[in-house]
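Here are the chains, one letter per residue:
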Amino acid sequence: EEAVKVVLEEDPTKPQAEKVKIGHLESHRETRVRVFGWVHRLRPQSQMTYITLRDGSGYLQVVLKGDLVKNIDALDLVTECSIEVTGDLKHVPEGKTAPGGHELIADWWRMIGKAPTGVDAYASLFNDHLRHLDLRAETPAAIMKVRATVLSAFRAVYGRHTIMEVTPPCIVQTSAEGGASLFKFDYYGQEAYLTQSGQLYLETCLPSLGDVFCVQESFRAENSHTRRHLAEYTLLETELAFIDFRDLLDHIETVICEVVDIVLADSTAGKLVQELNPAFQAPTRPFKRLDYKDAISFLNEHGIMFQEDDPALPVRPHRIGDDIAEAAERKMTDMMGVPIFLMNFPRALKAFYTKKITGHEDFAESVDLLMPNVGEIVGGSMRLTDVDELVEGYKRDNMADAPYYWYMDQRKYGTSEHGGYGIGVERFLAWLLNRWTVRECQLYGRWPGHAAP
Ligand code: 4AD
C-alpha cells in the first residue's frame, strides 16, 4: 500500500467534539467525541486499521478508514504511540464485541508522540528493569487499579468504625521490629533510621485521638530473597484502645471481610479480581483459630520439618519455641486451605512490646493471620501496659531504653489495655489476586539489591 503524503486537517464544519476520558464514554454514545491516549494494540487490515486505545481509565476500539490510514503519520503508527482522535462513538455492530460495548469511527487523528517499533508492553513479562513500560500492560495495570481500590476500601472501613487516619514520620530514632533490619543513615550528624512501623507512634495517639490507623511505607533491611519479602513495602497499621485479645481478633476479621466485600462489589476492581483470580472466594467468619502449640503438633504430624539457620545441620521435627519458617507456614496454610489466626507465640520470638499471657508468661498475646498461597499477611498483638515490664523487654533485646522515653510515658500517663496489627498491603494483594510474588503488587519494586527504576 502506497502511503499518501498528506497531513490531515480536522474538518471545522463537523459538530464540536467533546474531550472525554475513555472510562466515561458510555454517556456520550452517538455523539462526536475527542479522545487522547496510547495505542495499546494495532490490527491493520486491507481497508482499515483497528486500534485499541488506552488512557488508564479504560480501553477503546478506534476504527481508522480511508485517508486516515494513508496519511503520513500512519507510517509511524505503532503500539505505544500517543495520539489524539475525533470521531463518532457508535454501538459495536451486532455480533461483535469491544471494550465498553462501543467503538469510535474516527474522522480525524494526529500523532502526538511516536514510539519505537517493537515495544510490546501489553505482553507483560514482569520485567523489573522495564517496569516503567511493563506498567502499561494489562495485568500490572489491573493489579495497580485493585491496589488503589483496596486502599480506599480500608479507609472506608476504618471510617465506618470511627478509626482515624494519622501520618507518623518515616524518619525515626527508635526501632519497633528489631535493630537488625534497620536502614540507618546520617541525620544532621545523628544516627537515624527509616521506619519499620508506625505502631509506637499510633500507641501514643490513643489518649488523644482514640483508635487510629496509618498507611505508611515500612523499610526492612532484611536480606530475604523470597516470594513475600520486600525492602520497602506499604504497611497498614491500626491501634485500638481498651480492648482485649478476643476483641482484636474479631476486629481483624471484620475489617478483612468488609474490605473484601467492598472490593468485590466495586464495578471495576470486582471484575479485575474475577479475571486475575477466578477461584477467589470471600473468606467466611469466624476465621480458624490455631494455637501456636497446636501448629507445632500439626507440622510434626504431617512430617513438615524444622531447618536450623545453619543449612549444614540436618532437619529435625519442630519443638515448642521454634519459629515457624516461611516454607513450613505456607505448607500448613495451604493444607488447611482457609484463613488462619495463628495465636499465642512464644514471647521470645516476639517484639519487646508484646503482652504476656497471664498464667503462661512464656507466651504472648500475639497473632499472625495466614492466608492460603501467601502465608502471613497480618501481624498483631496486645501490648504491654506496664513500664517495668517494658524495661525488662528492652533489657532482653539489649536495647537502650532512653530513646523510648515517650513510649514509656504512654504507660505512665493513664495506661490502657490496647493492641493493634499491621497488614502488609502487597501480601494482601498477592492473596486477593493470586500473584506468585509480592513484587508484582507494588508500583516499583524494592527488594534486596534492587532500587531502579
Ligand atoms: O509482623 P510485622 O513485622 O509487624 C509489625 O511491624 C507490627 N509493628 C505491626 C503492628 O502490630 N502494628 O509486619 C506486619 C506485616 C506482616 O504481617 C507482613 O504482612 C508485612 O507486614 N511484612 C512484609 N511485607 C513485605 N516485605 C517484608 N519484608 C515484610 N515484613 C513484614
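Everything that follows concerns the structure shown earlier in this document.
Rules and cut-offs
Residues numbered from 1 in each chain as written. Predicted model: local features only at pLDDT ≥ 70, side-chain atom pairs only at ≥ 80, totals over all residues. Heavy atoms only, no water. Disulfide = S-S within 2.5 Å. Buried < 20%, exposed > 50% of the residue type's maximum accessible area, 1.4 Å probe, protein only. Pairing = 2+ DSSP bridges. Helix = DSSP H or I, 4+ residues; strand = E, 2+ residues; numbered from the N terminus. Contact = heavy atoms within 4.5 Å. Axes fitted to C-alpha atoms, helices over the stretch in contact; angles between N-to-C directions. Left-handed = near helix turned anticlockwise from the far one by under 90°. Nonpolar A, V, L, I, M, F, W, Y, C, P; charged D, E, K, R; others polar. Near = heavy atom within 4 Å. Polar contact = N/O pair within 3.5 Å; in protein donor to acceptor, adjacent residues only side chain to side chain. Areas by Shrake-Rupley, 256 points an atom, 1.4 Å probe, with all protein chains shown as cover. Phe/Tyr/Trp six-rings, centres within 6.5 Å; stacked < 30°, edge-to-face > 60°. Lys NZ or Arg CZ within 6 Å of the ring centre and 35° of its normal. Salt bridge = Lys/Arg side-chain N within 4 Å of Asp/Glu carboxyl O.

Caption draft 1: Inspection of the state of the cysteines at higher detail. With the rule as written, the count across this model stands at zero disulfides. We note that C170 lacks a disulfide partner, and the nearest cysteine sulfur, in C214, lies 9.3 Å from it. A residue is classified by how much of its surface remains accessible, and C170, at 31% relative accessible area, is partly exposed. Unpaired in this structure, C205 has its nearest cysteine sulfur neighbour in C214, at a distance of 8.7 Å.

Caption draft 2: Spotlight on the sheet that holds strand β12 (residues 232–241). Across the sheet, eight strands lie side by side as β7-β11-β12-β19-β18-β17-β14-β13; this open sheet has mixed pairing. The sheet is open, and its two borders are formed by β7 (164–165) and β13 (288–291), each paired with just one other strand. In the sheet, strand β11 (residues 212–219) pairs with β12 via eight bridges, with the strands oriented antiparallel. Residue pairing in the sheet places V212 in a bridge with E239 of β12. In the packing of helix α2 (residues 138–160) onto the sheet, the strands contacted are β7, β11, β12 and β19 (418–424), and the crossing angle to β12 comes to about 10°. Here helix α10 (residues 425–432) sits on the sheet and contacts β12, β17 (366–371), β18 (375–382) and β19; the angle it forms with β19, its principal contact strand, is near 60°.

Caption draft 3: Representation of unusual backbone geometry in the model. Along the chain, R285 connects to P286 via a cis peptide bond; the corresponding omega equals -5°. Looking at the secondary structure, you find P286 in the loop between α5 (269–276) and β13. A cis amide bond, omega -10°, links A452 with the succeeding residue P453. You can see P453 is positioned in the segment after α10. Residue N373 is not a glycine yet carries a positive backbone phi of 80°. Residues other than glycine seldom take positive phi values, yet N434 does so here, at roughly 55°. Note that N434 resides in the segment after α10.

Caption draft 4: Main features of helix α9 (residues 405–412). Every buried residue of α9 is listed here: W406, Y407, M408, Q410 and R411. Lining the buried residues of α9 we find α3 (199–209), α8 (387–396) and β19. Following α9 by one or two positions, G414 adopts a phi angle in the positive range, close to 75°.

Caption draft 5: Representation of the packing of α3 against α9 within the structure. At a minimum axis separation of 10 Å, α3 and α9 run at an interaxial angle of 35°. Crossing angle aside, the handedness with which α3 passes α9 is left-handed. Contacts between α3 and α9 involve Q199, L200, Y201, E203, T204 and P207 from the first element and W406, Y407, Q410 and R411 from the second. Classifying every residue of the contact of α3 with α9 by side-chain character gives five nonpolar, three polar and two charged.

Caption draft 6: Expanded view of the packing of α2 against α10. Contact pair α2 / α10: the axes reach a minimum separation of 11 Å and the direction vectors enclose 115°. In this structure, α2 crosses over α10, and the sense of that crossing is right-handed. Within the contact between the two elements, α2 uses V146, R147, V150, L151 and F154 and α10 uses V425, E426, F428, L429 and L432.

Caption draft 7: Region of interest: the site of the ligand. Taken together, 23 residues sit near the ligand, with E177, Q199, L230, E237 and E376 positioned nearest. At 3.0 Å, a side-chain N or O of E222 approaches a nitrogen atom of the ligand. Y421 is positioned with one of its backbone polar atoms (N or O) 3.4 Å from a nitrogen atom of the ligand. A total of 620 Å² of accessible area belongs to the ligand in isolation, and the protein chains cover 93% of it. Listed by contribution, the elements that provide at least two residues to the shell around the ligand are β12, β18 and β19. Looking at the shell around the ligand, the element that brings in the most residues is β18, giving five residues. Of the residues contributing to the shell around the ligand, the split by class is seven nonpolar, eight polar and eight charged.

Caption draft 8: The packing of aromatic side chains, seen in detail. All told, the structure shown has 16 aromatic pairs when counted by the stated rule. Ring-pair connections join several aromatic residues into one group, and the members of that group are Y201, F352, Y353, Y394, Y404, W406 and Y407. The ring of W436 carries R227 above its face, with NZ or CZ at 3.6 Å from the centroid. Against the face of Y407 rests R411, its NZ or CZ located 4.2 Å from the ring centre.

Caption draft 9: Up close: the pattern of salt bridges. Following the criterion strictly, the structure yields 28 salt bridges and no others. With its nearest N and O atoms 2.8 Å apart, the salt bridge here joins E165 to R155. Of the two residues, E165 sits in strand β7 while R155 sits in helix α2, which places them 10 residues apart along the sequence. Among the residues examined, E165 registers a relative accessible area of 31% and is labelled partly exposed.

The values reported here are purely geometric and, on their own, carry no functional implication.
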